[in-house]
Amino acid sequence: MLDTLPGVPKPANDDSKMFDLAPVSLWVEDFSGVRDLFDAWRAEGVTNLRAHFADAPERIAECARSIRVIKVNQKTLTQFEAADFDTLNDNLATVFRDDMLKTHLEELCQLWAGQAHFTSQTVNYTLGGRRLDVLLKGSVLPGHEERWDRVLVSVEDITELEGARHRVTLAEEYARGLFEHSPVSLWVEDFSAVKHLLDQARAVGISDFRVFTDVHPEFVERCMQEIHVLDVNWHTLEMFAAPDKKRCSHACRKCSATTWARISASSYSTCGKANCSSSARCSTMRSTAARCTCICNSRCCLATKRTGTWCSSL
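This is a predicted model, so every value here is computed, not measured.

As for the confidence of the model for the protein chain
- Across the protein chain, the average pLDDT comes to 78, with 74% of residues at or above 70.
- Mean pLDDT per element in the protein chain: strand β8 (residues 295–296) is the minimum at 30, and helix α2 (residues 32–43) is the maximum at 97.
- Across residues 1–6 the pLDDT falls below 50, and counting only partners more than four positions away or on other chains, this stretch makes six contacts in the model.
- Across residues 257–314 the pLDDT falls below 50, and counting only partners more than four positions away or on other chains, this stretch makes 101 contacts in the model.

Thoughts on the packing of helix α10 (residues 192–203) against helix α12 (residues 217–225)
- Across the interface, α10 lies against α12 with an axial gap of 8 Å and an inter-helix angle of 150°. Relative to α12, α10 is oriented roughly antiparallel. Touching V194, L197 and L198 of α10 are F219, R222 and C223, all from α12.
- Residue composition of the contact of α10 with α12, grouped by class: five nonpolar, no polar and one charged.

Quick notes on the packing of helix α4 (residues 58–65) against helix α8 (residues 100–112)
- As a packed pair, α4 and α8 sit with axes 10 Å apart at the nearest point and diverge in direction by 75°. The angle between α4 and α8 falls in the class roughly perpendicular. Residues I60, A61, C63 and A64 of α4 touch α8, and the partners they reach there are L101, H104, L105 and L108.
- Along the lines of polarity and charge, the residues of the contact of α4 with α8 split into seven nonpolar, one polar and no charged.

A short note on the layout of surface pockets
- Here the largest pocket defines a volume of roughly 430 Å³.
- Forming the boundary of the largest pocket are 21 residues, of which A64, R65, I67, F96 and M100 lie nearest the centre.
- A per-element tally of the lining of the largest pocket places α8 first, with four residues.
- The residue inventory of the lining of the largest pocket, partitioned by class, reads 15 nonpolar, one polar and five charged.

Cut-offs applied
- Residues numbered from 1 in each chain as written.
- Predicted model: local features only at pLDDT ≥ 70, side-chain atom pairs only at ≥ 80, totals over all residues.
- Heavy atoms only, no water.
- pLDDT = per-residue confidence, 0-100.
- Helix = DSSP H or I, 4+ residues; strand = E, 2+ residues; numbered from the N terminus.
- Contact = heavy atoms within 4.5 Å.
- Axes fitted to C-alpha atoms, helices over the stretch in contact; angles between N-to-C directions.
- Parallel < 35°, antiparallel > 145°, perpendicular 65-115°, else oblique.
- Nonpolar A, V, L, I, M, F, W, Y, C, P; charged D, E, K, R; others polar.
- 1 Å grid on protein atoms, 1.4 Å probe; cavity = no way out; pocket = protein on both sides within 12 Å on 5 of 7 lines; lining within 4 Å.
- Points joined across faces, edges and corners; volume = space filled by probe spheres on them.

Now the structure itself:
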């Protein structure tokens with residue numbers, strides 16, 4: 001009960017007014033019929049309610065029919081487009097139908113497990129037939145834990161929220177489709193570790209980065225090793241004849257580090273492999289996504305269309 005100022009009489013039926021004026025749909029329900037069913041099933045030796053329902057799904061509907069609605073507030077009548085309580089109560093089969101029994105099972109299992117409260121996300125319908133996505137929460141009222149004859153249930157309309165989530169999901173699927181099926185090679189890479197290395201270089205006073213990398217070519221190699229490929233599209237796999245994204249990303253990490261190490265030493269250095277008659281003319285062409293086409297004895301670090309085979313050394 002709310003405290004009142006001294007000398008001010010306490011309003012009559014204050015709790016009742018708060019219930020009726022609450023900005024969320026509230027229901028007071030009698031679950032004693034459900035309790036009786038549970039007690040009978042336990043007496044028969046039932047221990048797993050979910051399996052019990054799986055054997056006879058009509059038992060879920062039997063539980064639903066045993067619940068009686070005692071009263072609802074004004075928000076409930078407005079939300080479900082009912083003129084009055086009797087109209088709503090006489091048409092509960094219109095409100096609770098279709099997919100609701102699936103989620104009602106979860107509520108019943110929570111009560112069976114000994115909880116004095118339950119929650120679920122389900123679907124209701126207004127008397128006019130409009131579909132409502134709702135978040136349902138119920139609690140057995142204090143003093144009624146033995147019989148469950150008074151349970152307070154709130155029904156929050158989350159239709160707009162679910163609609164927004166659905167639109168976000170569709171937008172994400174559309175963006176993913178554009179990425180995956182783009183006619184050009186696309187890469188998503190993580191440069192966060194590279195940024196950290198660059199920040200460290202600035203912190204120690206490096207201002208001319210070109211001179212610094214000429215003196216310390218190993219820094220470039222370190223940066224290349226820290227670049228992580230997060231995703232590539234299907235055109236990229238086709239371009240490099242990669243069997244899957246995982247192997248493509250792994251190959252790029254190995255080939256990029258080797259390539260940049262050679263570039264930092266000289267533009268055209270010897271490959272270093274035994275019996276190699278050619279120079280390792282490596283280049284990184286990110287604009288065309290032709291990652292490190294490193295030719296040595298007619299073998300490629302990444303299987304380009306020139307060879308059409310996957311590099312066996314990776």
